[in-house]
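Results of the structural survey
Chain by chain, the residues run as shown.
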Amino acid sequence: MTILMGVDIGGSGIKAAPVDVGTGTLTEPRRKLATPRPATPDSVALAVSDLAGGFDSVGPIGVGFPGVVRRGYVGTAANLEPSWIGLDAATLLSSSLSKRPVVTINDADAAGLAEVRFGAAQGVLGVVVTVTLGTGIGTAVFNNGVLAPNTEYGHLVIAGVEAERLASGRARNAEDMGWRHWTRHLEEFLITLERLIWPDLFIIGGGISAEFDRFCADLHVDTPIRAASLGNDAGIVGAALAAAEDF
Ligand code: BGC
């Protein structure tokens, strides 16, 4: 049994837990801290080390990051401080974690990876698109189980407005939109994705997926849709998988 630490940095919370990477299950209950504000590299690194330090674990640590991240380097950070951009996040986080190796992956890619390996998209062939609806909109695209990393479709501009501003979980709460109104925005986003990449399956993840039954019947799209099955643990599990596979 291989157990590795997974950390999920989000726009509003940071979660961590040790994960059995052979089964995709948490071996201890996850712990969570609010994302510090301002979410600078130093304040977030400190929060990550506080969280991870609460567990007894060894080996590499997988970290899901809410922006584009390539070979450890941050490309975008829409819901954190802009000072992240261009930074080697893997090295920064490693230095606050007693120099343990850190493997970084986009947070939605991590959640999608967990769903493809152990969750709602397990064994599904073709193009699977996971959409996470939280502070932002994250997307993860897989073809026959293989990830095309760092797709950022949540920033698609539809009728002059970024999709993330209208169809994320935060948009629904902040604007106090009714479910129907918000679902129409989400539907428009999914239809735009259908036109562009022709998915075989959508997986809806993020905190709001717990309320999937409240909106799924009103989503009129051609592609089959399933709720994510790993819920809030998906990002943690996928980050640990990334560490195991050294993405
Ligand atoms: C970021 C994505 C991220 C998503 C969810 C977006 O604003 O650009 O990289 O996956 O939020 O956190």
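Residues numbered from 1 in each chain as written. Predicted model: local features only at pLDDT ≥ 70, side-chain atom pairs only at ≥ 80, totals over all residues. Heavy atoms only, no water.

**A few points about the overall build of the protein**
- On a plain count of helices and strands, the protein comes out with 8 helices and 15 strands.
- In terms of principal-axis extent, the alpha carbons of the protein reach across some 50 × 40 × 30 Å.
- Burial status across the protein gives 54% buried among its 247 residues.
- The contacts in the protein between residues at least 6 apart in sequence include a share of 63% that link residues at least 24 apart.
- Taken as a whole, the protein presents about 10700 Å² of accessible surface, with 52% of it coming from carbon and sulfur.
- In the protein, 18 side chains carry a positive charge and 27 a negative one; their mean positions are 2 Å apart. (Helix = DSSP H or I, 4+ residues; strand = E, 2+ residues; numbered from the N terminus. Buried < 20%, exposed > 50% of the residue type's maximum accessible area, 1.4 Å probe, protein only. Contact = heavy atoms within 4.5 Å. Areas by Shrake-Rupley, 256 points an atom, 1.4 Å probe, with all protein chains shown as cover. Lys, Arg positive; Asp, Glu negative; His and termini not counted. Charge placed at Lys NZ, Arg CZ, Asp CG, Glu CD.)

**Here's the deal with the site of the ligand**
- Around the ligand, the structure places 13 residues, and the nearest of them are Asn106, Asp107, Glu152, His155 and Glu164.
- Contact distances for the ligand include 2.9 Å between an oxygen atom and a side-chain N or O atom of Asn106.
- One of the side-chain N or O atoms of Asp107 is found 2.5 Å from an oxygen atom in the ligand.
- Protein coverage of the free-state accessible area of the ligand, which is 310 Å², stands at 95%.
- Judged by the fraction of its atoms near the pocket grid, the ligand is located in the largest pocket.
- Taken together, the elements giving at least two residues each to the shell around the ligand come down to helix 3 (107-118) and strand 10 (137-143).
- Its residues placed into classes, the shell around the ligand shows 4 nonpolar, 6 polar and 3 charged. (Near = heavy atom within 4 Å. Polar contact = N/O pair within 3.5 Å; in protein donor to acceptor, adjacent residues only side chain to side chain. 1 Å grid on protein atoms, 1.4 Å probe; cavity = no way out; pocket = protein on both sides within 12 Å on 5 of 7 lines; lining within 4 Å. Sits in = over half its atoms within 2 Å of the grid points. Nonpolar A, V, L, I, M, F, W, Y, C, P; charged D, E, K, R; others polar.)

**Considering the pattern of salt bridges**
- Going through the model one piece at a time under the given rule, you end up with 6 salt bridges.
- Linking Asp8 and Lys15 is a salt bridge whose minimum nitrogen-to-oxygen distance equals 3.9 Å.
- Accessibility expressed as a relative area gives 12% for Lys15, which makes it buried. (Salt bridge = Lys/Arg side-chain N within 4 Å of Asp/Glu carboxyl O.)

**A few points about the layout of surface pockets**
- Estimated volume of the largest pocket: approximately 800 Å³.
- Lining the largest pocket are 46 residues, and of these Leu133, Gly134, Thr135, Gly206 and Gly207 lie nearest its centre.
- Those elements giving two or more residues to the lining of the largest pocket turn out to be strand 1 (3-9), strand 2 (13-20), helix 3, strand 9 (127-133), strand 10, helix 5 (169-174) and helix 8 (234-245).
- With 4 residues, the single largest contributor to the lining of the largest pocket is helix 5. (Points joined across faces, edges and corners; volume = space filled by probe spheres on them.)

**Some remarks on helix 8**
- Here helix 8 contains 12 residues, and its C-alpha end-to-end distance of 16 Å stays within 8% of the 16 Å for a straight helix at 1.5 Å per residue.
- Within helix 8, 10 of the 12 residues are buried, which leaves it mostly tucked inside the rest of the structure.
- Regarding helix 8, the residues found buried are Ala234, Gly235, Ile236, Val237, Gly238, Ala239, Ala240, Leu241, Ala242 and Ala243.
- Following helix 8 by one or two positions, Asp246 adopts a phi angle in the positive range, close to 45°. (Expected span 1.5 Å × (residues − 1).)

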